[in-house]
Amino acid sequence: FGKSKRLPFRVTRYDDDNQRVYKSIPICFPEHWPHDLNYSARSVNNRGTFEALPSDANGNYCALLLLRPDDVLASANCDPKVLREYFD
């Protein structure tokens, strides 16, 4: 790479003290909801974040549930009933 040149910007790296894992969730919203919007919701206690992005014009969405790594809902074998209770 030869001589180092001074870059026009500076990079600062921070420790990631808010790690999250995700679960992908296919979801279909009701027909009367707009199908061209991103939907987002956060829990009151910051337990999780729900992000949904449209995947087609028919109301199908690709949603992500972002959780802390030690949350029971983030485990690979989480009981679907427990996950459903969280959404209800």
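Structure shown above.
All residue numbers here refer to positions counted from 1 along the written sequence of the relevant chain. Predicted model: local features are reported for residues with pLDDT of at least 70 only, side-chain atom pairs are reported and counted for 80 or more only, and whole-chain, interface and lining totals are derived from all residues. To obtain the side-chain values, all non-hydrogen atoms of the structure were used and water was disregarded.

A. Quick look at the packing of aromatic side chains. Stacked, tilted and edge-to-face are the three classes assigned to paired rings of Phe, Tyr and Trp, where Trp is represented by its six-membered ring and a pair needs centres within 6.5 Å; plane angles under 30 degrees give stacked, over 60 edge-to-face, the rest tilted. Using the criterion set out here, one finds five aromatic pairs in the structure. When the ring of F29 is compared with that of W33, the centres are 5.0 Å apart and the planes differ by 15°; the resulting orientation is stacked. With a 1.4 Å probe rolled over the protein chains alone, any residue whose accessible area is under 20% of its type maximum counts as buried; one over 50% counts as exposed, and the rest are partly exposed. A relative accessible area of 34% means that W33 is categorised as partly exposed. Judged by centre distance (4.7 Å) and plane angle (75°), the rings of F29 and Y61 are edge-to-face. You can see F29 sitting in the loop between β1 (21-28) and β2 (39-42) and its partner Y61 sitting in strand β4 (residues 60-67), a full 32 residues away along the chain. The same class applies to F29 and to Y61, which are both buried. Secondary structure counts use DSSP, requiring at least four H or I residues in a row for a helix and at least two E residues in a row for a strand, with both numbered from the N terminus.

B. Quick peek at the sheet that holds β2. Taking strand neighbours across the sheet as the criterion, the four strands line up as β1-β4-β3-β2 in an open arrangement whose pairing is antiparallel. In this open sheet, the two strands that pair with only one neighbour each are β1 and β2. If you compare each strand with its neighbour and ignore which way they point, the axes differ by 15° on average. Pairing between strands is defined by DSSP: at least two bridges between them are needed. Note: strand β3 (residues 48-54) against β4, seven bridges, orientation antiparallel. Looking across to β4, one finds that L53 is bridged to C62. Two residues qualify as a contact provided that any one of their heavy atoms is within 4.5 Å of a heavy atom in the partner residue. To obtain an axis, a line is fitted to C-alpha atoms, over the contacting stretch when the element is a helix, and the angle between two such axes runs from 0 to 180 degrees between their N-to-C directions. Strands in contact with helix α1 (residues 80-87) are β1, β3 and β4; relative to β4, the strand with the most contacts, it is inclined by about 95°.

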